[in-house]
Amino acid sequence: QVQLAESGGGLVQAGGSLTLSCAASGRAFSSYTMGWFRQPPEKEREFVAAIAWRGDTKYADSVKGRFAISRDNAKNTLYLQMNSLKPEDTAIYYCAWKNLLYGSIGITPSQYTYWGQGTQVTVSS
């Protein structure tokens, strides 16, 4: 069983930065694709970024150039560095584990099996 725990959310002014972390336990973290999703108020969960076991990455157009996903396999931790934050980035952010050994990047929530509890990010204007 995989367990994921996000941290690092908070309140920040527009233009500011935050770094989210996701600590993973339970399996060989380095062999699996990981992703970040977010759910704005009264909207559906949406893809933000993903990083494959090999290190290749993919981003939603809305965050490209502002956010950076990375992983530290020695620490079993996933990161999301968020810069130039905008009010429309306000959401609950979730990390997710795609349960396919050496799997490719996925951008839909249904492709991910395990989820963290989420961390709130609020960007004020």
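Refer to the structure printed above.
The numbers attached to residues start from 1 for each chain and follow its sequence in the written order. Owing to the predicted nature of the model, reporting of local features is limited to residues with pLDDT of at least 70; listing and counting of side-chain atom pairs is limited to 80 or more, with chain, interface and lining totals taken over all residues. Side-chain measures were taken over the full set of non-hydrogen atoms in the model, leaving aside hydrogen atoms and water.

Attention now moves to the overall build of the chain. Here a strand is any run of E in DSSP of at least two residues, a helix any run of H or I of at least four, and the numbering for each starts at the N terminus. If you tally the helices and strands in the chain, you get zero helices and 11 strands. Counted from the first residue to the last, the chain has its helices and strands arranged as β-β-β-β-β-β-β-β-β-β-β. Scaling as 2.2 N^0.38, a compact globule of 125 residues should have a C-alpha radius of gyration of about 14 Å, and the chain matches this with 13 Å. For the chain, the spread of C-alpha atoms along the three principal axes comes to 40 × 25 × 25 Å. Based on C-alpha atoms, the radius of gyration is set beside the globule rule, defined as 2.2 Å times the residue count to the power 0.38.

Now for the environment of Gln1. One can find Gln1 in the segment before β1 (3-7). When its relative accessible area of 67% is taken as the criterion, Gln1 is described as exposed. Distance from Gln1 to Ser25, taken between C-alpha atoms, is 8.3 Å for residues 24 residues apart in sequence. Residue contacts for Gln1: discarding those within four places in its chain leaves Ser25, Gly26 and Tyr114. When a residue's accessible area, from a 1.4 Å probe over protein chains only, is under 20% of the maximum for its type it is buried; when over 50% it is exposed; and in between it is partly exposed. Throughout, a residue-residue contact means that at least one pair of heavy atoms, one from each residue, lies within 4.5 Å.

What follows deals with the state of the cysteines. Put simply, a disulfide is two cysteine sulfurs that come within 2.5 Å. Taken as a whole, this structure holds one disulfide when the rule is applied. Residue Cys22 pairs covalently with Cys95 via a disulfide, S to S 2.0 Å. Torsion about the S-S bond of the Cys22 and Cys95 cystine: about 50°, corresponding to right-handed handedness. Taken together, the residues Cys22 in strand β3 (residues 18-25) and Cys95 in strand β9 (residues 91-97) connect sequence positions 73 residues apart.

Its place among the elements puts Thr77 in strand β8 (residues 77-82). Polar contacts involving the side chain of Thr77 include one to the main-chain carbonyl oxygen of Lys75, which spans 2.8 Å. Apart from residues lying up to four places away in sequence, Thr77 is in contact with Ser21, Cys22, Ala23, Phe29, Ser70, Arg71 and Asp72. Contacts described as polar in this section are N or O atom pairs within 3.5 Å, which, within protein, must combine one atom able to donate a hydrogen with one able to accept it, while residues neighboring in sequence count only if both atoms come from side chains.

Salt-bridge detection follows one rule: a side-chain nitrogen of Lys or Arg within 4 Å of a carboxyl oxygen of Asp or Glu. Scanning the model with the defined rule gives five salt bridges in all. Notably, a salt bridge pairs Arg54 with Asp56, separated by 3.5 Å at the nearest N-O pair. A salt bridge links Arg66 to Asp89; the shortest N-O distance between them is 2.8 Å. Pair noted here: Arg66 is in the loop between β6 (57-59) and β7 (67-72) and Asp89 is in the loop between β8 and β9, with a separation of 23 residues, a long-range link.

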